[in-house]
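# Summary of the model geometry
Listed below are the residues making up each chain.
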Amino acid sequence: METNMETYDIIIAGAGPAGLTAAVELSKKFKILVVERRKPGTTSSTWYSYSDRTKKYDIDEAVAFRTDHIMFTSPTQSHKMVDDCVILDHNKVLNIWIDRAVKNGAVIRQESFRDYEYKDNGVVVKTNKGTYFAPLLIDAMGSGSKIVKQHDLIKRKDAWVIYGGCIRHKKMEKPYGLEYYPLNDPENTYVGIHPLNETETNIYVFQGKSNTMGNPAELVGKFKEVIKKLHPNGEKVQNLGGTIVSGSLKKYALNNIIFFGAAGMLNPDGCGMGFNEILKQHRTFAKGITKAMKMKTLDEKTLAKVADSLRDQEVINFQKIIGAFSLFFIKSKGKWDGGVKWLNAMGSDSKYWMRNEFTMDWIMRANIRLHKVIPIKETISMIPFDDLAFVMEQLARFGIKAVNSTIKNKISKKPQQSESVEEFHGQAKN
Ligand SMILES: Cc1cc2nc3c(=O)[nH]c(=O)nc-3n(C[C@H](O)[C@H](O)[C@H](O)COP(=O)(O)OP(=O)(O)OC[C@H]3O[C@@H](n4cnc5c(N)ncnc54)[C@H](O)[C@@H]3O)c2cc1C
């Protein structure tokens, strides 16, 4: 090993939510280097979350806007998802995490990850400015991760392609809420509105794409049209955009390397909502890494177990169903209408779907409710052919479980534990 090479316990590539939350937790015990190609503390994403979550994970001070619902509008109907939602000041939240990690001794540098090679039971990481060594590399470089690409690890690529900006505008008579609506164009483009305050709003357009990583630049024209209509005199003060790639990885770890965040496709096909998942999972992730570091077992198999601990198979199965439906909504003529109809069928339970907070009980109830509103024949017609066998198998399994638990409850004459919304909260994984 070169003698002048800086050595760390862990190198983290990427200072988005995944890299920085991992850095905050792991810097309590280990010597950490974070490399980020952009100015650390800046991002082109915008995040909404929930007030209980921002409190629980101690980032409430980065909340820019609070609202009691998300509004999903389609050409023929709308769904008001009642929940305590918040929109974060995206740069502020990153800076909070940077301050905490640096306070713990982490080193954060603006450098681009270039390459790595194995050496002495660890990894030598090359950036555009230096060469570093650590026993463990955490790849948190997002959906465009070089390592994921290099090893061709994405099994299936579907993407939400996003382009937009933070718009400074006049105070509006009827202010924005947190809302999503379709442009009703042939390309199936949607608009997302994340207000930050009375005169600044993150506005973006997004499109679902199949079998591609997508290119946000394709949406520049669409976004300009939207802004011309909404805020002809508005000023764009920051660019937003990116791709939320969904799919699963062939491997969630390599020897001495683990993927976290969008680089590790935290959500399966069709449900790429990374920020909230990262918030929910980062402490479990850090615990798993701490144990592996202490045991000095950083082989692919052990690290894959850490990645696996973030995934509950029942939840993944249900997410895959959601994914199959999402793809249907992206591709089909009914488009957004189908999605909103589905949300309406779930009624007030839809928020647990959006939050990714569901228990087996919830899944069963949601299924029964959906089939009451959307008959099983129609459901089948919504599922992409490739996913049909999997989705039908899961629906049948959930159905059988639901029947069994109803019988059990009748026999014991106890009321179902999960009847109240408060109890769902208590039972949620998180
Ligand atoms: C406009 C937009 C809106 C969104 N809205 C929401 C939302 O409301 N709720 C939600 O849950 N999710 C949302 N998402 C998804 C969410 O932003 C991402 O899933 C989340 O940011 C993933 O975090 P991450 O840290 O894994 O990756 P990223 O945020 O992509 O961070 C990766 C970091 O790695 C850096 N990097 C990349 N390559 C290199 C390299 N070679 N060297 C060094 N650094 C590198 C990047 O510069 C970046 O800072 C949105 C995404 C976008 C684009």
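Residues numbered from 1 in each chain as written. Predicted model: local features only at pLDDT ≥ 70, side-chain atom pairs only at ≥ 80, totals over all residues. Heavy atoms only, no water.

## Overview of the overall build of the chain
Regarding its fold elements, the chain presents 14 helices and 18 strands. When burial is assessed residue by residue, the chain has 54% of its 430 residues classed as buried. Restricting the contact set of the chain to residue pairs at least 6 apart, pairs at least 24 apart contribute 72%. Summing over all exposed atoms, the chain offers an accessible surface of approximately 19900 Å²; the carbon and sulfur share of this is 52%. (Helix = DSSP H or I, 4+ residues; strand = E, 2+ residues; numbered from the N terminus. Buried < 20%, exposed > 50% of the residue type's maximum accessible area, 1.4 Å probe, protein only. Contact = heavy atoms within 4.5 Å. Areas by Shrake-Rupley, 256 points an atom, 1.4 Å probe, with all protein chains shown as cover.)

## Comments concerning the packing of helix H1 (residues 17-26) against helix H3 (residues 90-103)
Each pair of packed helices can be summarised by the angle the axes make with each other and by the distance between the axes. Axis separation between H1 and H3 bottoms out at 8 Å; the angle between their running directions is 30°. Relative to H3, the element H1 is oriented roughly parallel. The handedness of the crossing between H1 and H3 is left-handed. Note on element contacts: H3 touches H1 through Leu94, Trp97, Ile98, Arg100 and Ala101, opposite Pro17, Leu20, Thr21, Ala23 and Val24. (Axes fitted to C-alpha atoms, helices over the stretch in contact; angles between N-to-C directions. Parallel < 35°, antiparallel > 145°, perpendicular 65-115°, else oblique. Left-handed = near helix turned anticlockwise from the far one by under 90°.)

## Examining the sheet that holds strand S5 (residues 63-73)
Sheets are built from strands that pair by backbone hydrogen bonding, the pairs being arranged parallel or antiparallel. Taken in spatial order, the eight strands make up an open sheet running S4-S6-S5-S13-S14-S15-S12-S16, and their pairing is mixed. At either end of the open sheet lies a strand with only one pairing partner, and these are strand S4 (48-50) and strand S16 (235-246). For this sheet, the mean inter-axis angle between neighbouring strands, taken without regard to orientation, is 30°. Of the strand pairs in this sheet, S5 and strand S13 (residues 178-182) are connected by three bridges, and their pairing is parallel. Its bridge partner lying in S13, phenylalanine 72 is registered against tyrosine 180. Lying over the sheet, helix H6 (residues 274-295) contacts S4 and strand S6 (78-88), oriented at roughly 40° with respect to S4. (Pairing = 2+ DSSP bridges.)

## Looking at the site of the ligand
Residues in contact with the ligand amount to 31 residues; listed here are only the nearest, Glu36, Thr46, Trp47, Phe113 and Ala262. At 2.6 Å from an oxygen atom of the ligand is found a side-chain nitrogen or oxygen belonging to glutamate 36. Taking asparagine 276, its main chain carries an N or O atom lying 3.0 Å from an oxygen atom of the ligand. Across the complex, the protein chains shield 93% of the 990 Å² of accessible surface that the ligand would expose by itself. Every element with two or more residues in the shell around the ligand is listed here: H1, strand S3 (32-36), S16 and H6. Split into classes, the residues belonging to the shell around the ligand amount to 15 nonpolar, twelve polar and four charged. (Near = heavy atom within 4 Å. Polar contact = N/O pair within 3.5 Å; in protein donor to acceptor, adjacent residues only side chain to side chain. Nonpolar A, V, L, I, M, F, W, Y, C, P; charged D, E, K, R; others polar.)

## What to know about the packing of aromatic side chains
With the rule as written, the count across this model stands at 13 aromatic pairs. Considering the side-chain rings of phenylalanine 72 and tyrosine 180, the 5.5 Å spacing of their centres and the 20° angle between planes classify their relative orientation as stacked. One end of the pair, phenylalanine 72, is in strand S5; the other, tyrosine 180, is in strand S13, with 108 residues separating them in the sequence. By the burial criterion, phenylalanine 72 is buried, and tyrosine 180 matches it. Ring centres of tyrosine 116 and tyrosine 118 lie 5.7 Å apart, and the angle between their planes is 80°; on these two criteria the pair is classed as edge-to-face. By the ring-pair criterion, three or more aromatic residues cluster together here, those being Phe72, Trp160, Tyr180, Tyr190, Tyr204 and Phe206. It is lysine 31 that lies over the ring of tyrosine 8; its NZ or CZ is 5.1 Å from the centre. (Phe/Tyr/Trp six-rings, centres within 6.5 Å; stacked < 30°, edge-to-face > 60°. Lys NZ or Arg CZ within 6 Å of the ring centre and 35° of its normal.)

## Considerations on the packing of H1 against H6
Closest axis-to-axis distance for the H1/H6 pair is 9 Å, and the angle between their directions is 40°. With respect to H6, the axis of H1 lies oblique. Two packed elements cross with a definite hand, and for H1 against H6 that hand is right-handed. Here H1 contributes Pro17, Ala18, Thr21, Ala22, Glu25 and Leu26 to the contact with H6, which in turn contributes Phe275, Ile278, His282, Arg283, Phe285, Ala286, Ile289 and Thr290. Along the lines of polarity and charge, the residues of the contact of H1 with H6 split into nine nonpolar, three polar and two charged.

## Here's the deal with helix H9 (residues 336-346)
Summarising burial for H9: nine of the eleven residues are buried, a large majority. By the burial criterion, the buried members of H9 are Trp336, Asp337, Gly338, Gly339, Val340, Trp342, Leu343, Ala345 and Met346. Just downstream of H9 lies glycine 347, where phi reads positive at about 60°.

## Concerning a positive patch on the surface
Taken together, the side chains of Arg37, Arg38, Arg114, Lys146 and Lys149 present a region of like positive charge at the surface. Structurally, lysine 146 is set in helix H4 (residues 146-150). (Patch = residues over 30% accessible without salt bridge, like charges linked within 9 Å, V, L, I, M, F, W, Y side chains within 5 Å. Salt bridge = Lys/Arg side-chain N within 4 Å of Asp/Glu carboxyl O. Lys, Arg positive; Asp, Glu negative; His and termini not counted. Charge placed at Lys NZ, Arg CZ, Asp CG, Glu CD.)

These results come straight from atomic positions and should not be treated as a statement about function.
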